Amino acid sequence: MAEKKIRTDSGIEIKPVYYPEDLPSNRDRSEQPGEFPFTRGVQPDMYRGKQWTMRQYAGFSTAEESNKRYHYLLSQGVSGLSVAFDLPTQIGYDSDHAMSEGEVGKVGVAIDSLEDMQELFNGIPLESVSTSMTINATGFILLSFYVALAKQQGADLTKISGTIQNDILKEYAARGTYIYPPKPSMRIITDIFEWCSASLPKWNTISISGYHIREAGSSAVQEIAFTLSNGKAYVQAAKERGLDINVFGKRLSFFFNSHNNLFEEVAKFRAARRMWAAIMKELGATDPKAMMLRFHTQTGGSTLTAQQPQNNISRVTLQTLAAVLGGTQSLHTNGYDEALSLPTEEAARIALRTQQIVAFESGVADTVDPLAGSYFVEALTAELEEQAFALIARIDAMGGSVAAIEQGFMQEEIARSAYEYQKGIETGEKIIVGVNKFQIGTEAPIPVFKIDDSIRLVQTQKLNALKNNRNPAMVDQVLQNLNDIAASGENIMPAVIEAVEQKCTLGEIADELRSVFGEHH
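Because the structure is a prediction, the values reported are computed rather than measured.

A. View of the sheet that holds strand β6 (residues 162–164). Taken in spatial order, the nine strands line up as β7-β6-β5-β4-β3-β11-β10-β9-β8 in an open sheet, and their pairing is parallel. Here the strands that pair on one side only, and so sit at the sheet edges, are β7 (203–204) and β8 (206–209). Looking at chain direction, strand β3 (residues 53–58) and strand β11 (residues 330–332) are connected through three bridges and run parallel. What sits directly across from T53, in β11, is S330. Relative to strand β10 (residues 295–299), helix α12 (residues 311–325) is tilted by about 165°, and along the sheet it contacts β9 (252–258), β10 and β11.

Below is the structure:
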């Protein structure tokens, strides 16, 4: 009887044992970390020199409530904040808009105005903290709120550091929180690249995101192929604008998912670095720092189970190990209860402690790229790279990421992968502990974190007070100026910053641009 084949989650066949002859023959065995093509990491000393940034993704209810959680997390040892926004904020509606009903403050914090941003970071000097904001279609507005607040604090804008996700292509492919059609959306993104290069030099202007592609059901191969292909599209758009790849290339960052298949995930991160270095070199980068793939990782939300949720602590630990062994620059660990609700304070603390235990007790951060030279890991890295480049070649043949998304190619590939994975669970071929095997009869309920619907009333009252305390003629003037600049093709960022400083709301700014660019359906 033939031996049963074992495969990774991406369908790559795993041999029973690996030997030196399984290593790719074209690899340089003397490759150093911190040097092109960065397979072994972007820094020569990696975590011996600087720990990865420990972030906790948080945001819920009002800015005031989220601010309390940020102060708590900072007191517990996080080294960077990561802001989650509610759905109305993500798609450009103020909290009092009819479309916002039932969603205000639910999956993130509601930010309608500069006043909300002031409350969100009350008591937190922006010069001293690195802030990541998971925001895409309205990323330019949230960045403008942040810049306006930094100016109010008297901060030096050249010292402000952080990231906006700002990756609209994966919204069309996998997630859905887009507003404008692809072409004006790409124009806004290049406006941000251009403005930040001159005015906010330490800011990461985009976090090209594979995370949500993986959450939608892609394989590890698809995650890196689609993400790097989207990255190519952004670089080509910036080059067409006349921006210098060696300047803006250094401010690109990536955002990946970390799942349970430990060795495949480590190999994925190593392959992605190597591939991006080759892609950037081919696109004309000559500065090695512009060829580095720097990335944030979040543990896999879709891997968390509502059944026996405490088991998720073990899953998150595995995923943390994969991210660290793979050389991440920053990491967010999910709370064990997030299959049920937003994380409670206890779950967020355990998630942070998981990172701290891996960092300070496990020894995995003591040497650079500790799995390098493993016959299995090196062979798997090469296999992932080969398969992902083959997928990128198919996308290039269609005309690149924008064309592939418009033709539905990425969406169909992700849906097919998600179907195959689910089918494996339902047939029992893929075991999920506590779900399709090792179940228990009854489970004790665990406390969940609920957001009250009254938040919308609170936000609406704040919006009414804001609108009664501003100069209506000035608001009309700055919104008309924004409209004119959007229509003219000039960089919109200065006009957006002016509008937020004159107390225009997120919804008003988004609507002004809807009237110029239209909406994507």
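B. Region of the structure containing the side chain of S341. With respect to the element layout, S341 can be found in the loop between β11 and α13 (345–361). Looking at S341, the relative accessible area reads 13%, which means it is buried. Looking at S341, its side chain comes within polar contact range of the main-chain nitrogen of F449, at 3.2 Å.

C. Spotlight on helix α18 (residues 472–488). In a regular helix each residue adds 1.5 Å, so 17 residues correspond to 24 Å; α18 covers 24 Å between its end C-alpha atoms and thus fits that length. Looking at α18, one finds that the buried residues are V475, V478, L479, L482, N483, I485 and A486. Taken together, the buried residues of α18 touch α7 (182–199), α19 (493–501) and α20 (506–517). The N-cap residue of α18 is N471: its side-chain oxygen and the backbone nitrogen of A473 are 3.0 Å apart.

D. Molecular detail of the nonpolar core. Ranked by internal contacts, the top residues of the largest apolar core, which has 141 residues, are M117, F121, M133, F140 and I509. Beyond its immediate chain neighbours, meaning those up to four positions away, F121 contacts N67, L81, V83, L126, T131, Y146, L149 and Q153. With six residues, the next largest nonpolar core counts V104, L342, I451 and I455 among its residues.

E. Layout of the pairing of β8. Burial of β8 is two-sided: the residues I206 and I208 facing one way and the residues S207 and S209 facing the other way are all buried. Here β8 pairs with β9 via four bridges, running parallel. The residue bridging S207 from the neighbouring strand is S253, located in β9.

F. The arrangement of unusual backbone geometry in detail. The omega angle of the peptide bond from F36 to P37 is 5°, so this bond is cis rather than trans. With respect to the helices and strands, P37 occurs in the loop between β2 (13–14) and α1 (46–49). Although it is not a glycine, Q308 adopts a positive phi angle of roughly 45°. Note on placement: Q308 falls in the loop between β10 and α12. You will see that K503, though not glycine, has its phi angle at about 70°, which is positive. Mapped onto the fold, K503 is located in the loop between α19 and α20. In this structure K503 comes out as partly exposed when scored by relative accessible area, which is 28%.

G. Molecular detail of the pattern of salt bridges. The tally for this structure, following the rule as stated, stands at 30 salt bridges. Across the pair R456 and E101 runs a salt bridge whose closest N-O atoms are separated by 4.0 Å. Of the two residues, R456 is situated in helix α17 (residues 455–467) and E101 in the loop between α3 (87–90) and α4 (114–120); the sequence distance between them amounts to 355 residues. Of the charged contacts in the structure, one is a salt bridge between R214 and E265, with a shortest N-O distance of 3.1 Å. With R214 in helix α8 (residues 211–215) and E265 in helix α11 (residues 262–282), this residue pair connects regions lying 51 residues apart in the sequence. In this structure, R214 and E265 share a single accessibility class: buried.

H. Region of interest: the packing of aromatic side chains. One pass over the structure, following the stated rule, counts 18 aromatic pairs. A ring pair is formed by F254 and W276, whose centres lie 4.8 Å apart and whose planes are at 70°; its orientation type is edge-to-face. Of the two residues, F254 sits in strand β9 while W276 sits in helix α11, which places them 22 residues apart along the sequence. Each member of the aromatic cluster is reached from another via a ring pair, and the members are F254, F256, F269, W276 and F295. Between the NZ or CZ atom of K281 and the centre of the ring of F36, over which it lies, the distance is 4.7 Å. The positively charged end of R514 is found above the aromatic ring belonging to Y93, 4.6 Å away from the centroid.

Calculation rules
Residues numbered from 1 in each chain as written. Predicted model: local features only at pLDDT ≥ 70, side-chain atom pairs only at ≥ 80, totals over all residues. Heavy atoms only, no water. Pairing = 2+ DSSP bridges. Helix = DSSP H or I, 4+ residues; strand = E, 2+ residues; numbered from the N terminus. Contact = heavy atoms within 4.5 Å. Axes fitted to C-alpha atoms, helices over the stretch in contact; angles between N-to-C directions. Buried < 20%, exposed > 50% of the residue type's maximum accessible area, 1.4 Å probe, protein only. Polar contact = N/O pair within 3.5 Å; in protein donor to acceptor, adjacent residues only side chain to side chain. Expected span 1.5 Å × (residues − 1). Core = buried A, V, L, I, M, F, W, Y, C linked by side-chain atoms within 4.5 Å. Salt bridge = Lys/Arg side-chain N within 4 Å of Asp/Glu carboxyl O. Phe/Tyr/Trp six-rings, centres within 6.5 Å; stacked < 30°, edge-to-face > 60°. Lys NZ or Arg CZ within 6 Å of the ring centre and 35° of its normal.

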